[in-house]
Amino acid sequence: MLDELRHQKLKAWIQEIIELCRPTKIVLCEGSEQEARLLCEEMVKKGTLIALDEKKRPGSFLARSNPKDVARVEERTFICSKTQIEAGPTNNWRDPDEMLTHLQQLFQGCMHGRTMYVVAFSMGPIGSHFSRVGVQLTDSPYAVINMRLMTRMGKDVLDILEEDGEFVPCVHSVGVPLPVGQKDVPWPCSPEKTVIAHFPHTKSIWSFGSGYGGNALLGKKCFALRIASYMGKEEKWLAEHMLIVGITNPNGKKRYVAAAFPSACGKTNLAMMQAALPGWKVECVGDDIAWMHLAEDGRLYAINPEAGFFGVAPGTSQRSNPNALATCRKNAIFTNVALTSDKDVWWEGLTSAPPEGVIDWQGMPWQPGAAQPAAHPNSRFTASASQCPIIDPHWEDPQGVPISAIIFGGRRSNTIPLVAEALDWEHGTFMGACVSSETTAAAAGDIGKLRHDPFAMLPFCGYNMADYFQHWLDMGKLGIADRLPRIYSVNWFNKDAQGQYIWPGFGDNIRVLKWIFERLDGTAAAKKTPIGYLPQEGSLDLSGLQLSPEQRSSLISLQAGLWQNEMKEMRSYFQKFADRLPKPLLQQLERIEQQLASEKV
Ligand code: GTP
Ligand code: SPV
Ligand code: MN
């Protein structure tokens, strides 16, 4: 089996992991449809997957995870840099040697009784200069079929590796060896022993104990963000938690925009938006990760390293995101959503009234009005990007697409206006550093708790966050100032005194994109404030929306008192980074503090 491999280093590493993990069988994945179909059939037999109705959801399956394995686990995610300071104050650090010793024990015989799949994958279009290759060894067939949708996977990737190509080694086990004769469970996992460890210096990844999402699909957060952010620092490019979209105005002029929001804060929805303004069109390049590099023309270009979507299901509806629904109409994997009596899927928000006879995500009959939701709040769909009806014609362009604007956003019930434009790159970097957001179900732990999430990268930065801030400042210096993207901050989640969202969101977010587009064209008016340029009354297209003057003003005005508190909070947050914090960020903070104080007088 492994004899086919021409890459001696790859072969030796696989051999080493076989000896450690002791799988019963080895499968070298070719990435074909046939192979995926057989894997799905096996998983249906084992009870890991439920086949959905062939007419309603052709080629699609439902997986129900162990209820203890439903989201990323940040407290068990480690950055094992040589020194603690390299991982920085926002990451969990472990000494690499100690961690490797621990992993050697943990993985010892862990695949006994299971098959180990060899999954070669490319992050980015195969052969693009900006793409990078990884090889995941995993005992989870569920991870294999998801990796096949989320990345370019299989034989073609092994081919481009040739005899000595570079790859990121990724070892993954659900952490449940299977003694001979013992029956397997539908979703094996080992939540008490879960460890997700990253070694930036050797660029390698080990993940144990979880089969869910970012914990198990190692190309995504582990590689394309944590390891890639470190590569980007070394090689002068950016790996970001950002969607990428193309926006075309009614005259046919097109611009590309990238936007960073924390997990479950609106990237997929913005990336696939059905614009509410006539004549405006949005096309999707990516919904979660952007790799961006400076080209010789001084502009920033972005590729989507992924090939599919692992999108949040709840809230996705014909009204909020019809393109996401079309994308997962067929050949999709649903995880932890509810099942209907006619073998289709359902989740909160899909329809206003649930259908009869819903089975919840744990396989139990469910009634409307029940205390617990039918679908887990972090239930997801996996589908190939090629199935997205508004996929951008350039989404696989090996050079990437030129980015005209970068947007930062978060889930904030006050303070942060609907939209603001940064004064320059340095102020934009400060805006990114200032992102904070209410926590969501995408990670295990509290929900709705406000926390700092700089650049929406808090859980995904593979090195010291202060050095990452510096890297952003450096990139600004390397580019050509007026060709670099302009930077914006947005907030769809402002609430009124009754706790209701003021802004309609979703397709109406095009109004904000339109303002940004027209700012870049030089046609939208703005007023300069300490926190950036805010829309001049009338420059933001609110036509047809029922917003009172108070609501408008609370969306787009600078609320000085709240901002003074915000800056106080930032000052205290920045102390975390001690003297590693880049000076320009502190200067931005001081400038805003002073201007806010003098404006009040
Ligand atoms: P990850 O895949 O976890 O990185 O998340 P994401 O940023 O792609 O989040 P997604 O677009 O899937 O949105 C998550 C949740 O936010 C869903 O429940 C959406 O319904 C909700 N949401 C998205 N956009 C908006 C918006 O414009 N307004 C409001 N109120 N809610 C939104
Ligand atoms: C996120 O949490 O930001 C996700 C989902 O995109 S996961 O891949 O599970 O990390
Ligand atoms: Mn994400």
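Residues numbered from 1 in each chain as written. Chains lettered and ligands numbered in written order. Predicted model: local features only at pLDDT ≥ 70, side-chain atom pairs only at ≥ 80, totals over all residues. Heavy atoms only, no water.

I'd like a rundown of the coordination of the manganese ion (ligand 3), residues and numbers included.
Protein coordination at the manganese ion (ligand 3) comes from Lys221 (NZ), His241 (NE2) and Asp288 (OD), with a distance range of 2.2 to 2.3 Å. Coordination at the manganese ion (ligand 3) is octahedral, judged from the 6 donor atoms that bind it and the angles of 75 to 174° they form at the metal. When the donor residues of the manganese ion (ligand 3) are listed from N- to C-terminus, their spacing reads K-x19-H-x46-D. Taken together, the positions of lysine 221 in helix 8 (residues 219-235) and histidine 241 in the loop between strand 11 (238-240) and strand 12 (242-248) put the pair 20 residues apart, joining distant regions of the chain. Judged by its relative accessible area of 6%, lysine 221 is buried. For histidine 241, a relative accessible area of 0% corresponds to the buried category. (Donors = N, O, S within 2.8 Å, 3.2 Å for Na, K, Ca; no water. Tetrahedral: all angles 85-135°; square planar, octahedral: opposite > 155°, others 65-115°. Helix = DSSP H or I, 4+ residues; strand = E, 2+ residues; numbered from the N terminus. Buried < 20%, exposed > 50% of the residue type's maximum accessible area, 1.4 Å probe, protein only.)

An account of the packing of aromatic side chains is needed here, citing residue identities and associated values.
By the definition in use, this model includes 27 aromatic pairs. Between tryptophan 13 and phenylalanine 167, the aromatic rings sit 5.7 Å apart at their centres with planes inclined by 50°, giving tilted as the arrangement. One end of the pair, tryptophan 13, is in helix 1 (residues 8-21); the other, phenylalanine 167, is in the loop between helix 6 (155-161) and strand 8 (168-173), with 154 residues separating them in the sequence. Classification of tryptophan 13 as buried rests on a relative accessible area of 10%. Look at phenylalanine 167 and you get buried, because its relative accessible area is 15%. Seen in terms of ring centroids, tryptophan 187 and tyrosine 212 are 6.4 Å apart; in terms of plane orientation they differ by 50°. Their pairing is tilted. With tryptophan 187 in the loop between strand 8 and strand 9 (195-199) and tyrosine 212 in the loop between strand 10 (204-208) and helix 7 (213-216), this residue pair connects regions lying 25 residues apart in the sequence. Taking relative accessible area as the criterion, tryptophan 187 reaches 8% and is therefore assigned buried. Grouped by ring-pair contacts, the aromatic residues Tyr230, Phe408, Trp425, Phe455, Tyr463, Tyr468, Phe469, Trp472, Tyr573 and Phe577 constitute a single cluster. (Phe/Tyr/Trp six-rings, centres within 6.5 Å; stacked < 30°, edge-to-face > 60°.)

I'd like a description of the sheet that holds strand 17 (residues 308-312), backed by residues and values.
In space, the 5 strands of this open sheet follow the order 2-3-18-23-17, with mixed pairing throughout. Two strands lie at the open edges of the sheet, namely strand 2 (49-51) and strand 17, each paired on one side alone. Going across the sheet, the axis of each strand differs from the next one's by a mean of 20°, ignoring polarity. (Pairing = 2+ DSSP bridges. Axes fitted to C-alpha atoms, helices over the stretch in contact; angles between N-to-C directions.)

Hey, could you go over helix 12 (residues 465-478) for me, with residue numbers and the actual values?
Taking 1.5 Å per residue as the helical rise, helix 12 with its 14 residues ought to reach 20 Å, and the 20 Å between its terminal C-alpha atoms agrees with that figure. Where burial is concerned, most of helix 12 is hidden: 10 out of the 14 residues are buried. Where helix 12 is concerned, the buried positions are Met465, Ala466, Asp467, Tyr468, Phe469, His471, Trp472, Leu473, Met475 and Gly476. Where helix 12 starts, the residue carrying a side-chain oxygen 2.8 Å from the main-chain nitrogen of alanine 466 turns out to be asparagine 464. (Expected span 1.5 Å × (residues − 1). Polar contact = N/O pair within 3.5 Å; in protein donor to acceptor, adjacent residues only side chain to side chain.)

So, the environment of threonine 83: which residues are in play, and what are the values?
Here threonine 83 is to be found in the loop between strand 4 (77-79) and helix 3 (84-87). The sequence separation of threonine 83 and arginine 6 amounts to 77 residues, and the corresponding C-alpha distance is 36 Å.

An account of the site of ligand 2 is requested, with residue identities and associated values reported.
The immediate surroundings of ligand 2 are formed by Arg72, Gly213, Gly214, Lys220, Lys221, His241, Ser263, Asp288, Phe310, Arg380, Ala442 and Phe460. Separating an oxygen atom of ligand 2 from a side-chain N or O atom of serine 263 is a distance of 2.5 Å. Within the side chain of aspartate 288, an N or O atom sits 3.4 Å from an oxygen atom of ligand 2. Coverage of ligand 2 by the protein amounts to 98% of the 280 Å² it exposes when considered alone. (Near = heavy atom within 4 Å. Areas by Shrake-Rupley, 256 points an atom, 1.4 Å probe, with all protein chains shown as cover.)

Kindly report on the packing of helix 11 (residues 425-433) against helix 12, identifying the contributing residues and their values.
At a minimum axis separation of 10 Å, helix 11 and helix 12 run at an interaxial angle of 155°. As the angle between them shows, helix 11 and helix 12 are arranged roughly antiparallel. In this structure, helix 11 crosses over helix 12, and the sense of that crossing is right-handed. Between helix 11 and helix 12, the contacting residues are Trp425, Glu426, Thr429 and Ala433 on the first element and Phe469, Trp472, Leu473, Met475, Gly476 and Lys477 on the second. For the contact of helix 11 with helix 12, a count of residues per class yields 6 nonpolar, 2 polar and 2 charged. (Parallel < 35°, antiparallel > 145°, perpendicular 65-115°, else oblique. Left-handed = near helix turned anticlockwise from the far one by under 90°. Contact = heavy atoms within 4.5 Å. Nonpolar A, V, L, I, M, F, W, Y, C, P; charged D, E, K, R; others polar.)

Outline the pairing of strand 9, supporting the account with residue identities and numerical values.
Of all 5 residues in strand 9, 5 are buried, a share of seventy percent or more. A two-sided burial pattern is seen for strand 9, the buried positions comprising Val195, Ala197 and Phe199 on one face and Ile196 and His198 on the other. Bridge count between strand 4 and strand 9: 3 bridges; the pairing is parallel. Counted as the bridge partner of isoleucine 79 is histidine 198 from strand 9. In this sheet, strand 10 lies alongside strand 9 in antiparallel orientation, the contact comprising 5 bridges. The partner of valine 195 across the bridge, within strand 10, is phenylalanine 208. Linking strand 9 back to strand 10 in an antiparallel pair, the connection comprises 4 residues, with lysine 203 at a positive phi of about 50°.

Lay out the pattern of salt bridges in plain terms, naming residues and giving numbers.
Following the criterion strictly, the structure yields 31 salt bridges and no others. Ionic pairing is found between glutamate 421 and arginine 519, a salt bridge with its closest N-O pair at 3.0 Å. Taken together, the residues span a long stretch of sequence, with glutamate 421 in strand 25 (residues 419-421) and arginine 519 in helix 13 (residues 510-521) at a distance of 98 residues. Assessed through its relative accessible area of 2%, glutamate 421 is described here as buried. Members of the salt-bridge network, linked through shared partners, are Lys220, Lys221, Lys267, Asp288 and Glu306. (Salt bridge = Lys/Arg side-chain N within 4 Å of Asp/Glu carboxyl O.)

Can you lay out the side chain of arginine 114 for me, pointing to particular residues and giving the numbers?
Looking at where arginine 114 falls in the secondary structure, it is placed in the loop between helix 4 (96-107) and strand 5 (115-123). One polar contact links the side chain of arginine 114 to the main-chain carbonyl oxygen of valine 176, over a distance of 2.7 Å. Setting aside residues no more than four positions away along its own chain, arginine 114 makes contact with Pro23, Thr24, Lys25, Lys46, Asp139, Val174, Val176, Leu178, Asp184 and Pro188.

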